[in-house]
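# Examining the three-dimensional arrangement
Each chain, written out:
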Amino acid sequence: MVSRKTMALVFANMHDRSVPELTEIRSMASLPFGGRYRLIDFLLSSFVHAGITDVGVIVKSNYHSLMDHLGTGREWDLARKIEGLSTFPPFSSEDSNAGVYHGRMGALFGIINHIRGSNAKYVIMADCDHVANFDTERYVEEHIKSGADISMVCCKLPWAEDLGRNCVCVSSDETGRVTDLFINSRCDEGGAYSMNIFVLERSLLESIIENAHSHMYSNFERDVLLRNISRLNLHCIMHDGYVRRIYNNKSYFDASMSLLEPEARAALFPKGKAIYTKVRDNAPVKYGLNAEVTNSLLADGCIIDGKVENSVLFRGVTVEKGAVVKNCILMQDTHISSGAFCDCVITDKQVVVGENRELSGHISYPIYIKKFSKV
Amino acid sequence: MKDTVAMLLAGGQGSRLYALTQNIAKPAVPYGGKYRIIDFPLSNCINSGIDTVGVLTQYQPLELNEYIGDGRPWDLDRLSGGVHILSPYQKQSGSDWYLGTANAIFQNISFIERYSPKNVLILSGDHIYKMDYSEMIAAHNKAGTACTIAVLEVPKEEASRFGIMNTYPDGTIYEFEEKPKEPKSNLASMGIYVFDWEKLRRYLTEDNANPASSKDFGHDVIPAMLANGEKMLSFRFDGYWKDVGTIDSLWEANMDMIDPNVPFDLWDLDWKIYSRNSALPPHYISAGATVQNSIICEGSEVYGNVDFSIISPGVTVSDRADVRDSILMPGCVIEAGASVQYSIIAEKAVIKAGAKVGERPENCENKGSWGVAVVAGGTVVGKGAEVKPKAMVYSDVKDGEVVW
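This paragraph deals with the sheet that holds strand E28 (residues 373-375) of chain B. The mixed open sheet is built from eleven strands, whose spatial order is E26(A)-E23(A)-E20(A)-E17(A)-E14(A)-E16(B)-E19(B)-E22(B)-E25(B)-E28(B)-E31(B). Every other strand in the sheet has two partners, leaving strand E26 (352-353) of chain A together with strand E31 (392-393) of chain B as the edge strands with one partner each. Pairing of strand E16 (residues 294-296) of chain B with strand E19 (residues 310-311) of chain B involves two bridges; the strand directions are parallel. Looking across to E19(B), one finds that B:Ile295 is bridged to B:Ile310.

Here is the structure:
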């Protein structure tokens, strides 16, 4: 439990453009992951485990799937009389000039009344582009202890070209004080990448939002943090342990496949810190006489009578007799017909792969099949 | 005002399930991996449009109460109606445990009166089936009968194990026989009754005043209504229905889920069976594991061999462990090299490395002594220990020990 009252703000659409195909019909927050989750589940669950029950989700576009997923917030125990889950679609009025906002600062200005109305001492802000069992309690406590103005949660990541299109590299000294920020560039040995999770006092956030609005600043890192790097005391909190960042299809594929490792599952789903998600009430998985499944993760509702290898199957997937599925991510209700062969394929929800069809991508370039497609 | 209020009798001890109902009521016994027996009547209610359900509990209610909670998993958290746990309570005139099925309803007349229903549907928490009660209620309303009883055709030779309804061709019941030696028909009562509430209230009150009555629906109330010439109708049900009152029938009902010849489809999205969710990740099947003809639930990890078995949420089947024709209930652990055959391993039990539980009937020397082995919840079967077929393990088994 966090020792001081903290509110949370989640930016649902901030990195949609990193995975344009996967987010064509949804927000980054509602991107399906790990067989039965959406990316936002990892954040919401971590807030609830830290005792944070005032959670605002700021959405911008394509948010129907997210609204459907969140409902009243009940599944995360966030359907509360006092506080609980609130969602903030773009708000437009003649004098505020908000509308569909630009950047994080515009989004925050759009909900300034919500922030002002809270009695929380601290605010934790987060985007939905990382998968981890976030230790929200530690982030907040370490921020309080550091005495910093703003804390940034950071992690080490292996470099990949696409990572550089949308990242912030953080340099800090041995006390954790941030000395410099590099936008969209590669970290050197001592640097770490920002996980786009920030902790600060609510009163400071309010003044930053007002100041940014009057200067027409839209970007938090560039216009607020970098501009004031010598004036603000910025602190880097390292997230150790399992973390994956989703910044293109390949990283999504790799992060999904990492769940086949027992260490990753133990880190992401430890006992006592469950990841909550919307329940679908599927029956358990049924394995038929011809099922041959190895090294795979399967969610409830699947019916398997074919061969499945090194794959992640979401709820309600059917693999018919004689079908072969290797190195695949099959989202909810995908149907693989008999005799079909799929290797390195990501199927979106409700895809049907017909009899004897053959689909092959490569580990370095998995192919993606759009929602509702019939192959 | 509700058209129909359902009353679910969930107070039975389930004594013939022995170790499985040591600490929990029978309706809370796990079935089919992720379900508990009570999920079936509750889901049938909501799928049939019945949103007011009283659950009568008496024996070991704690786990059942917590499981039902506010009724949310079954969509039974309602402003008006919803699911209510009805335990025996103290009244000005004194207090009593529920003395029989009819007495349990009698003691809750005031609960039913709050909704002024036309009909009351009586259900029990011992059966696995999917049934649209609204069809039965419609038949009951159309015929304008005092009571309608769901019946199932059973094989003639088994009929003497059931309560048998003797009916005219139009379905009207003229006689009820409890476990008759020479059954006249093969229509067995499923323990599902729709009563006209006005009539039922009168009969319950009379029955309660009768000191000779055992206060049971099948034994007292139904015969009294028949004797009084009340119009009573049988309603035929021809789907899958299984009483899970014994170890063997519970084991069989679980195995029916994987038998392609049994018409019982839990994957049908039009009649979902709801249950309280365990918030566990998808299950994992490792490289080198083999899984066939089985049911596996979320949160489980399989490194060994699983065949013809039901694996509940959060179960671990370790490397080289061999699980066949068995039911592993939530959270149990089968350690490396252990063998589990024709067994029911209850919640959170641990079968240590190299232990052997149960046996195939073919391998059993004395066929007469063969049966499903049962290990009670939370117990530990030690390393290399052996639990023989039909054994009932209530407490920890030491390393290397043999239990008959």
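Next comes the rest of the write-up.
Here the focus is the state of the cysteines. Inspection of every chain in the model, using the stated rule, returns one disulfide over all chains. Linked covalently through their sulfurs, A:Cys169 and A:Cys187 form a disulfide whose S-S length is 2.3 Å. Between A:Cys169 and A:Cys187, the S-S dihedral sits near 130°, and the bridge is therefore right-handed. Of the two residues, A:Cys169 is situated in strand E9 (residues 168-172) and A:Cys187 in the loop between strand E10 (178-183) and strand E11 (192-201); the sequence distance between them amounts to 18 residues. The same class applies to A:Cys169 as to A:Cys187, namely buried. As a non-bridged cysteine, A:Cys155 has A:Cys154 as the owner of its nearest cysteine sulfur, 7.5 Å distant. Here B:Cys147 stays free of any disulfide, with the sulfur of B:Cys45 as its closest cysteine sulfur at 17 Å. Overall, the relative accessible area of 0% leaves B:Cys147 in the buried class.

Right, let's get into the pairing of E11(A). All names here are of chain A. The buried count for E11 comes to nine of ten residues, which makes it a mostly enclosed element. Of the strand pairs in this sheet, strand E6 (residues 122-127) and E11 are connected by five bridges, and their pairing is antiparallel. Paired with Ala 126 across the bridge in E11 is Ile 197. Strand direction decides the pairing type here: strand E8 (residues 150-155) and E11, joined by six bridges, are antiparallel. Counterpart to Cys 155 in the pairing with E11 is Tyr 193. Sheet topology places E9 next to E11; two bridges connect them, and they run antiparallel. Bridging from a neighbouring strand, Cys 169 pairs with Tyr 193 of E11.

Rules and cut-offs
- Residue positions are given per chain, counting from 1 as you read along its sequence in written order.
- As a convention, the first chain written is A and the first ligand written is 1, with the rest following in written order.
- With pLDDT at 70 or above as the cut-off, local features in this predicted model cover only qualifying residues; side-chain atom pairs require 80 or more to be listed or tallied, and sums for whole chains, interfaces and linings still use all residues.
- As a rule here, side-chain values come from all non-hydrogen atoms in the structure, and water together with hydrogens is ignored.
- Paired strands are those between which DSSP finds at least two bridges.
- Runs of E in the DSSP output that reach at least two residues are strands. Runs of H or I that reach at least four are helices, and both are numbered from the N terminus.
- The definition used for a disulfide is geometric: two cysteine sulfur atoms within 2.5 Å.
- Three exposure classes are used, based on accessible area relative to the maximum for each residue type with a 1.4 Å probe and protein chains only: buried under 20%, partly exposed in between, and exposed over 50%.

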